[in-house]
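Below, each chain spelled out in residue letters.
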Amino acid sequence: MAGPKQQVHLTLTLDKVFLRAGPVARTFPVAGQVRPAKPWDRLTRFGVLLSWPKDLGWLSVAASFDGGGPPAAAFAATAAGLDEACAAHAVRRDQLAPPKFLEGVSFLVASLPQANRVFLSVEVDTDADGFRKAVRERWNEAKKEFVQPFHLWFFDAKQFGTFVSQPGQVDLVMKPCTPLPRFAGVLAADLGNTSTTAAALAVGDPVYRTDSVRMVPLDGGGEPAKTAAPMPSVVRLDRVTSFGPVPEGTRRFPGLPGDDRADAVLFAAGALVAAGGGADGELPPGVVYGAKHLLAAKEDGSAGGHQTLVVPHERPGGGPAVSEAVEVLDRAPGELLFAHAVRRFRRGASAWPADLTLTYPTTYGPREVKQLVRAAARGWLRAHGQPQGFDAPPEPTGDADLDRLGAELRQWLADPAAPAADCPLVGLTLDEATAAAFFHLHRRAFELPGGLLRFRYLHPGGLRLLLVDCGGGTTDVVLVHALSRPDGPPLLEIDVLARTGARGFGGDQITRAACRLAKAKIALALARLRTPAAVPAGLQPPPPTSPPTPAQARKAVDDFLDKVRGLDPHDELVPTTFDPRAADPATQLRRSAAHALWQLGDDLKRRLGAGKPVRLKDLDAARTGKDTSPLVAAAVRPLAPAQVPQALGQIGEVSVAPWEVDALVRPAVDAVVKKCNNLIRKHLVDRPGGEVEVDWVVVSGNGAKYPLVSKSLVDGLHVAYAAERLTVDAENLKEAVAKGAAMARMVERVPRAVGVKFNRHLSELLPFDVGYHDMLTNAPVPLFKEYTPYSELAAAPRRVRLVPAGGGVAAGHTFVLERRFPGDDEYSRYASYSFVQGISGELEVAYNPATGEFDVTDTTTGEPGAFADLMGVDALAPVMRGDL
């Protein structure tokens with residue numbers, strides 16, 4: 001190109017660029033700098049072309065323009081855009097670009113006025129192999145930077161009647177382009193059934209204050225901050241890639257060598273996934289809710305072991321990805337959520353975490369805790385581009401510390417008998433209720449004026465805290481005694497007296513109740529349109545006001561739901577039931593309708609918290625008032641076109657009252673209150689030395705936002721002045737668990753003038769009593785006591801002598817273990833063991849550290865009993881079960 005010597009040189013600096021840290025993006029305002037220098041500074045309008053090598057797949061560049069009037073040609077990256085800019089300046093394309101110009105470069109081109117403001121947006125994929133290769137070849141060690149130049153041309157042939165051009169250059173300076181440093185601190189992850197949070201606490205911060213904990217923004221990204229919205233625990237698989245031969249039959253993921261590669265699965269997580277991703281809330285086929293539910297299922301596949309999803313699958317040899325059914329192992333969604341959390345932290349904190357703290361429900365047994373830890377370890381490896389096994393050697397990261405930890409994790413994962421406590425990545429596992437209690441007690445004991453001395457004065461006998469954590473899928477309860485002896489050392493002793501919980505109650509169950517009511521009322525309105533003769537004359541929704549007693553309220557709601565269900569035995573009016581194992585198009589339509597119903601129910605739950613009835617038309621119109629909602633579309637599809645407007649109007653007028661939802665969930669809430677009272681009676685009332693009181697009641701968890709939870713605790717707890725002693729910390733309802741877990745781990749790492757002693761090994765203790773039912777006495781026979789260390793259980797098996805049937809016949813073929821959580825009145829069925837040869841009379845019950853379960857063996861025949869889980873807890877999240 002003709003023209004003077006290069007005169008324009010711009011430098012753009014992109015900081016915090018580290019290897020394998022995910023995408024790094026920034027928009028640079030370059031006002032007044034994108035224009036030619038003398039002698040072409042007299043051009044009132046000029047063309048500009050920015051280009052860079054096309055093989056830089058790790059680099060994305062975009063540009064926009066503002067100021068000085070509209071451009072003759074806006075920024076474009078196509079041949080047509082190039083021709084438009086050339087035409088605006090009377091320039092032939094061959095004058096500006098050689099014949100093969102477009103083959104070797106990517107470019108942006110525009111026509112701009114002399115006065116302009118240009119914004120250059122740059123994104124660098126630091127995970128890409130090409131980026132790391134470029135850094136190795138061209139990194140400036142002295143300056144700790146890597147420079148990528150762009151070619152710049154200004155051109156015009158209109159103003160001076162001849163073709164003029166001027167070259168220039170833009171340098172993108174990326175610093176430091178080294179491996180991420182290790183984070184000097186703790187990362188705590190609270191993977192919830194409904195939402196997930198993560199909290200970080202750095203050693204260099206004032207670790208003695210809870211406000212030093214930073215929440216990791218898992219949705220949207222950014223640096224850890226004082227607060228961040230919880231991320232919905234929803235993951236969507238967008239593509240699965242196979243790197244080797246694929247066996248015949250349905251593809252299973254993970255199931256092939258290479259499935260642990262970072263690029264083996266393309267996925268998304270969080271709020272955008274929960275919103276649907278399809279048109280007006282349509283559920284894409286690769287979405288999985290309730291990853292934590294699935295992690296609790298046995299990894300051996302005894303309960304199914306996988307979810308069948310329709311996911312684009314890219315096979316070896318190239319070619320486009322083709323959607324097909326893929327069996328996704330139950331552990332995979334949880335692993336991906338952990339990987340997502342670690343990636344977000346790495347990008348936001350510009351450091352990699354080496355010390356994780358994990359929280360879990362109080363009702364988890366050792367197998368479930370171990371599976372949670374294994375999922376976190378796998379997610380950490382995936383987030384760092386590390387293999388999970390030893391099939392292929394990992395690529396060195398340049399960080400010997402990270403490589404060493406990766407090798408130790410692979411070694412730990414390879415040993416199925418290795419206990420969770422030995423995981424080299426996870427420094428602490430703590431149940432959610434204890435973590436939240438630690439957070440609140442730490443603030444009360446240390447962070448009020450006067451600190452620990454004030455706490456000692458006000459509570460010379462210690463403070464007894466009852467914490468109820470009502471989460472999305474479970475409710476956890478802990479009773480804690482916090483004591484600092486006035487004549488002792490500066491030490492706060494936090495003693496967990498008892499832990500219990502309800503695995504079947506949480507915010508999801510409240511949402512489910514709202515869904516059932518909304519669906520039934522919509523179905524009744526549609527039935528009156530479609531088959532009015534089939535609707536009994538007296539069938540009406542429950543009255544606007546609640547019947548006088550809870551029992552009458554429950555009966556009124558149940559009767560209504562039963563009668564509407566009888567009108568529609570095949571679920572055709574509001575089709576939201578489906579087979580969760582199927583993946584055909586008809587099932588997918590029902591899945592999408594169920595997803596939309598769940599969103600509607602969640603909206604209802606939030607609005608009902610105000611204590612007033614809510615009409616569906618006052619909620620999100622896309623879910624309730626338009627036939628574009630998958631739920632409404634499915635409901636009105638069979639109607640004649642003339643009936644649709646009437647149906648939409650009636651659906652919008654459907655109303656749900658708070659008392660109706662309360663009637664459905666009150667029994668579960670009352671059961672939680674009863675558990676709490678049983679703990680209080682056992683540990684504070686019927687105790688040696690006399691009765692003491694609960695001093696403080698804290699309610700946490702997002703489920704606590706529903707008013708019935710707090711009201712039932714105030715009304716039903718055996719706590720004097722419960723209303724005055726109850727705290728609902730709105731700012732930390734969900735965050736208290738992750739914050740408390742981070743603080744609890746940091747107490748172990750950083751010495752301070754005031755000590756904190758607490759039960760840090762709770763995850764290594766049996767959380768319930770185990771026994772069996774003796775028909776001779778019609779009473780349970782305890783075998784193993786709550787709080788027994790698993791190490792002691794393994795070393796002390798128990799013998800059970802069963803009475804043979806008459807005539808020397810074996811004592812049946814099945815033996816049942818039962819368990820009782822603290823606060824429960826009775827034992828419940830836990831696990832069964834089947835014996836093909838029959839039971840000879842004596843069984844040995846032994847804890848197996850490798851499986852985290854109890855084994856039962858016939859001592860005479862040596863036959864091991866075949867285990868079957870009797871807990872009755874569905875591994876699928878409510879929205880995924882197909883029974884809404």
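Above this text you will find the structure in question.
Scope of this entry: the structure provided in the associated data block. These figures come from a predicted structure and were not determined experimentally.

Next up on the list: the packing of aromatic side chains. For the structure on display, the rule yields 18 aromatic pairs. Residues W58 and F146 carry aromatic rings whose centres are separated by 6.0 Å and whose planes lie at 50° to one another, so their mutual orientation is tilted. With W58 in the loop between strand 3 (45-53) and strand 4 (59-66) and F146 in strand 8 (residues 146-156), this pair connects stretches of sequence that are 88 residues apart. Judged by its relative accessible area of 4%, W58 falls in the buried class. Between F438 and F758, the ring centres sit 5.2 Å apart and the planes meet at 65°, which makes this aromatic pair edge-to-face. Of this pair, F438 sits in helix 10 (residues 432-446) while F758 sits in strand 29 (residues 755-758), and the two are 320 residues apart along the sequence. For the pair shown, F438 and F758 are each scored as buried. By the ring-pair criterion, three or more aromatic residues cluster together here, those being F784, Y790, Y847 and F854. The side chain of R261 reaches across the aromatic face of F243, ending 3.6 Å from its centre. The aromatic ring of W412 is capped on one face by R374, whose charged end is 5.9 Å from the ring centroid.

Two side chains with opposite charge may pair up if their charged atoms get near one another. Going through the model one piece at a time under the given rule, you end up with 53 salt bridges. One salt bridge connects D401 with R404, and the closest N-O pair in it is separated by 2.7 Å. In this pair, D401 and R404 are both assigned in helix 9 (residues 400-414), 3 residues apart and thus about one turn of the helix distant. A residue is classified by how much of its surface remains accessible, and R404, at 46% relative accessible area, is partly exposed.

What holds strands together in a sheet is hydrogen bonding between their backbones, with the strands either parallel or antiparallel. Spatially, 3 strands are ordered 2-7-4 in an open sheet, and the strand pairing comes out antiparallel. At either margin of the open sheet sits one strand with a lone partner, and together these are strand 2 (23-29) and strand 4. Mean inter-strand twist for the sheet, computed between neighbouring axes without regard to direction, equals 15°. As judged from the 8 bridges shared by strand 4 and strand 7 (residues 117-125), these two strands associate in the antiparallel manner. Residue pairing in the sheet places V61 in a bridge with V122 of strand 7.

On to helix 4 (residues 129-138). Taken together, the buried positions of helix 4 are occupied by F131, R132, A134 and V135. When helix 4 is viewed along its axis, its buried side chains cluster within an angular range of 160° and face the same direction. Of the exposed residues in helix 4, the ones pointing more than 90 degrees away from its buried face are D129, R136 and E137. Residues of helix 4 that are buried in the fold lie against strand 1 (8-19), strand 7, strand 8 and strand 9 (164-179).

What follows deals with the sheet that holds strand 6 (residues 105-113). With mixed pairing, 6 strands are arranged side by side in an open sheet as 1-9-8-3-6-5. Of all strands in the sheet, those with a lone pairing partner are strand 1 and strand 5 (73-76), marking the two edges. Looking at each pair of strands side by side, their axes are set apart by 20° on average, direction ignored. Most of the contacts of helix 1 (residues 79-88) go to strand 6, to which it runs at about 35°, and overall it touches strand 3, strand 5, strand 6 and strand 8. Against the sheet, helix 4 makes contact with strand 1, strand 8 and strand 9, and its axis sits at roughly 95° relative to strand 8, the strand it touches most.

Okay, the nonpolar core next. Among the nonpolar cores identified, the biggest contains 200 residues, and F338, L358, W380, L466, L604 and V661 are the most heavily contacted of them. Sequence-distant contacts of V661, defined by excluding residues within four places in its chain, comprise I510, A513, A514, L517, L608, V656 and Y706. In terms of nonpolar packing, the next biggest core, distinct from the first, is built from 42 residues, V24, F28, L50 and V124 among them.

Before going further, it helps to spend a moment on unusual backbone geometry. Here the amide bond leading from K175 into P176 is cis, since omega sits at -10°, within 30 degrees of zero. Residue placement: P176 occurs in strand 9. The step from F253 to P254 runs through a cis peptide bond, and the omega angle for that step is -15°. Mapped onto the secondary structure, P254 falls in the loop between strand 15 (251-253) and strand 16 (265-269). Even without being glycine, K16 reaches a positive phi, approximately 55°. Relative to the assigned elements, K16 resides in strand 1. Positive phi is not limited to glycine here, since A90 has a value of about 55°. Following the sequence through the fold, A90 ends up in the loop between helix 1 and helix 2 (93-96).

Here we take up the environment of R214. Position of R214 among the secondary structure elements: in strand 12 (residues 214-215). Once the C-alpha coordinates of R214 and A738 are considered, the two residues, 524 residues apart in sequence, prove to be 9.9 Å apart. Residues in contact with R214, not counting those within four places in the same chain, are A198, A199, A200, P224, A225 and K226. Polar side-chain contacts of R214 include one of 2.8 Å to the backbone oxygen of D211.

Turning our attention to the packing of helix 18 (residues 658-685) against helix 19 (residues 707-716). With their axes 10 Å apart at the nearest point, helix 18 and helix 19 run at an angle of 45° to one another. When the axes of helix 18 and helix 19 are compared, the pair comes out oblique. Where helix 18 crosses over helix 19, the two elements pack in a sense that is right-handed. When helix 18 is examined against helix 19, the residues D662, V665, R666, V669, D670, V673 and N677 are found in contact with a partner set consisting of L708, V709, S712, L713 and G716. Tallied by class, residues from the contact of helix 18 with helix 19 come to 6 nonpolar, 3 polar and 3 charged.

Bringing helix 21 (residues 735-749) into the picture now. Residues spaced three or four apart along an α-helix point in a common direction, a consequence of the helix completing one turn every 3.6 residues. In this model, helix 21 (15 residues) spans 22 Å end to end at C-alpha, consistent with the 21 Å of a helix rising 1.5 Å per residue. The element helix 21 is largely enclosed, with a buried count of 13 among its 15 residues.

Our focus in this paragraph is the pairing of strand 10 (residues 185-191). Most of strand 10 sits inside the fold, with 7 of its 7 residues counted as buried. Where strand 10 lies against strand 11 (residues 195-202), 7 bridges are found, and the strand directions are antiparallel. What sits directly across from L191, in strand 11, is T196. Adjacent in sequence and paired antiparallel, strand 10 and strand 11 are bridged by 3 residues. Pairing geometry for strand 10 and strand 20 (residues 356-360), over 3 bridges, is parallel. Paired with A189 across the strands is L358, a residue of strand 20.

What counts as what
Here the residue numbers are simple positions, counted from 1 along each chain's written sequence. The predicted origin of the model limits local features to residues at a pLDDT of at least 70 and limits the giving and counting of side-chain atom pairs to 80 or more, whereas totals for whole chains, interfaces and linings rest on all residues. Hydrogens and water molecules were not included; the side-chain quantities draw on all heavy atoms of the structure. Centres within 6.5 Å make a pair out of two Phe, Tyr or Trp rings, where for Trp the six-membered ring is used; the pair is then stacked when the planes are under 30 degrees apart, edge-to-face when over 60, and tilted otherwise. Where helices and strands are cited, they refer to DSSP runs of H or I of at least four residues and of E of at least two residues respectively, numbered from the N terminus. Residue exposure (1.4 Å probe, protein chains only): buried if accessible area is under 20% of the type maximum, exposed if over 50%, otherwise partly exposed. In this analysis the charged atom, NZ for Lys or CZ for Arg, is taken to sit over a ring once it is within 6 Å of the ring centre and within 35 degrees of the ring normal. Salt bridges are defined by distance alone: a side-chain nitrogen of Lys or Arg within 4 Å of a carboxyl oxygen of Asp or Glu. At least two DSSP bridges between two strands are required for those strands to pair. In this analysis an axis means a line fitted to C-alpha atoms, helices contributing only their contacting stretch, and an angle means the value between N-to-C directions, from 0 to 180 degrees. Throughout, the arc means that of the directions going from the helix axis to the C-beta atoms. In what follows, a contact means two residues having at least one pair of non-hydrogen atoms within 4.5 Å. Take the buried residues of types Ala, Val, Leu, Ile, Met, Phe, Trp, Tyr and Cys, join any two whose side-chain atoms come within 4.5 Å, and each joined set is a nonpolar core. Within 3.5 Å is the distance limit for a polar contact, defined as a pair of N or O atoms, with the added protein rule that one can donate a hydrogen and the other accept it, and that residues adjacent in sequence qualify only through two side-chain atoms. An angle below 35 degrees is treated as roughly parallel, one above 145 as roughly antiparallel, one from 65 to 115 as roughly perpendicular, and anything else as oblique. Each helix crossing is assigned a hand: it is left-handed if the near helix lies turned anticlockwise from the far helix by less than a right angle, otherwise right-handed if that turn is clockwise. Residues are sorted three ways: Asp, Glu, Lys and Arg are charged, Ala, Val, Leu, Ile, Met, Phe, Trp, Tyr, Cys and Pro are nonpolar, and all the rest, Gly among them, are polar. In this analysis, the expected span of each helix is defined as 1.5 Å times one less than the number of residues it contains.

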